[in-house]
Amino acid sequence: MSANVTVVDHPLVQVKLTQMRSKETATPDFRRLLREISLLLAYEVTRDLVLTECEVETPVERAMCPVLRDLEPCFISILRAGNGILDGMMDLLPSARVGHVGLYRDHETLEAIEYYYKVPTDMSDREVIVVDPMLATGHTAVAAIDRLKKDGAKNIKFLCLLAAPEGIAEFQKGHPDVPVYTASVDQKLNEHGYIVPGLGDAGDRIYGTK
């Protein structure tokens, strides 16, 4: 495993992921679990945010207390499934800036095609955390980060729920400077480009579509 890939192996992350994998888990429960696990993943991906101190008056006395030194991060959701992770992230950092990149995967070529793009104008001044539940072929994530870098994003991380070894390899070929955070690196991709054992199509399971 590359040093630039962090597997968040916290017990609660892994237990919730097991529940999400089950085909018996209904859409409302899947959404709730994704929101909960995203909050836990957010703790890990923001662990290295830099702190400084400011003076605060408590009910007892004045004290120097930690605050973020820099602007809050910018979350970029890869539509549509990325919004499922975004909800939990926003619970942790409700004032973070948010952008969206609309990409879909061509089922014949497995390549990513852009259909929507709107992001904060000050990305270059913020840490950028790109979210998508699955890092499967890697084409969508690579295309999204290509676009973000073109618009000035510099300090970028990628957060996903599941990753395939093939997706990690493709991603690191395109963006070796961008660290990946995930709850699991699964076995492989199947012939249809789905992660095995995986959890199915994340977008369909979030939104109850097929």
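In this text, all values refer to a predicted model and were calculated from it rather than measured experimentally.

Things to note about helix α4 (residues 139-150)
Within an α-helix, residues lying three or four positions from one another point in the same direction, as the helix has 3.6 residues per turn.
Then, in step 1: With 12 residues, α4 ought to run about 16 Å at 1.5 Å a step, and its terminal C-alpha atoms sit 17 Å apart, in line with that.
Then, in step 2: Remark: G152 follows α4 within two positions and exhibits a positive phi of approximately 105°.

Some words on the environment of I168
Then, in step 1: Tracing the chain through its elements places I168 in helix α5 (residues 165-174).
Then, in step 2: A sequence separation of 163 residues divides I168 from V5, and the C-alpha atoms of the two residues are 8.4 Å apart.

A closer look at the nonpolar core
General note: in soluble globular proteins, nonpolar side chains tend to be found buried as a group.
Then, in step 1: With 33 residues, the main nonpolar core has M20, M89, L159, L161 and L199 as its most contacted residues.
Then, in step 2: Counting residues per element, the ones that place at least two in this core are α1 (11-21), α2 (27-45), α3 (82-92), β7 (128-131), β9 (156-163), β10 (180-185) and α6 (202-207).
Then, in step 3: It is α2 that contributes the most residues to this core, 7 residues altogether.
Then, in step 4: With sequence-adjacent residues up to four places away left out, M89 is seen in contact with S38, A42, V45, F75, I129, V131 and L159.
Then, in step 5: Counting residues in hydrophobic clusters, the runner-up holds 26 residues, among them Y117, M123, V130 and L148.

Details of the pairing of β10
Then, in step 1: The element β10 is largely enclosed, with a buried count of 5 among its 6 residues.
Then, in step 2: When strand β1 (residues 5-7) meets β10, the two strands line up parallel, connected through 3 bridges. Residue pairing for β10: V5 is matched across the bridge by V180.
Then, in step 3: As judged from the 5 bridges shared by β9 and β10, these two strands associate in the parallel manner. Following the sheet pairing, A163 is matched in β10 by V185.

Considerations on the pairing of β9
Then, in step 1: Burial within β9 is extensive, with 8 of its 8 residues counted as buried.
Then, in step 2: In this structure, β7 lies alongside β9, joined through 4 bridges in parallel fashion. Along β9, the bridge assignment pairs V131 with L159.
Then, in step 3: One ladder, built from 2 bridges, connects strand β8 (residues 134-135) with β9; its direction is parallel. Each residue of the ladder has a partner; that of L135, found in β9, is A163.

Thoughts on the UniProt feature "binding site: 5-phospho-alpha-D-ribose 1-diphosphate" (unreviewed entry) in the chain
Then, in step 1: UniProt records the feature "binding site: 5-phospho-alpha-D-ribose 1-diphosphate" (unreviewed entry) at R80, R105, D132, P133, M134, L135, A136, T137, G138, H139, T140 and D201, using the numbering of this structure. Lining residues of the largest pocket drawn from the annotated set just named are R80, R105, D132, P133, M134, L135, A136, T137, G138, H139, T140 and D201.
Then, in step 2: By relative accessible area, which is 17% here, M134 ends up buried.
Then, in step 3: Apart from the residues lying within four places of it in its own chain, the contact partners of M134 are C160, L162, I195, L199, G200 and A202.
Then, in step 4: Locating T140 in the fold gives a position in helix α4.
Then, in step 5: Under the relative-accessibility criterion, T140 is labelled buried at 16%.

About the criteria used
- Residues numbered from 1 in each chain as written.
- Predicted model: local features only at pLDDT ≥ 70, side-chain atom pairs only at ≥ 80, totals over all residues.
- Heavy atoms only, no water.
- Helix = DSSP H or I, 4+ residues; strand = E, 2+ residues; numbered from the N terminus.
- Expected span 1.5 Å × (residues − 1).
- Core = buried A, V, L, I, M, F, W, Y, C linked by side-chain atoms within 4.5 Å.
- Buried < 20%, exposed > 50% of the residue type's maximum accessible area, 1.4 Å probe, protein only.
- Contact = heavy atoms within 4.5 Å.
- Pairing = 2+ DSSP bridges.
- UniProt positions renumbered as here; feature names shortened; annotations may be inferred.
- 1 Å grid on protein atoms, 1.4 Å probe; cavity = no way out; pocket = protein on both sides within 12 Å on 5 of 7 lines; lining within 4 Å.

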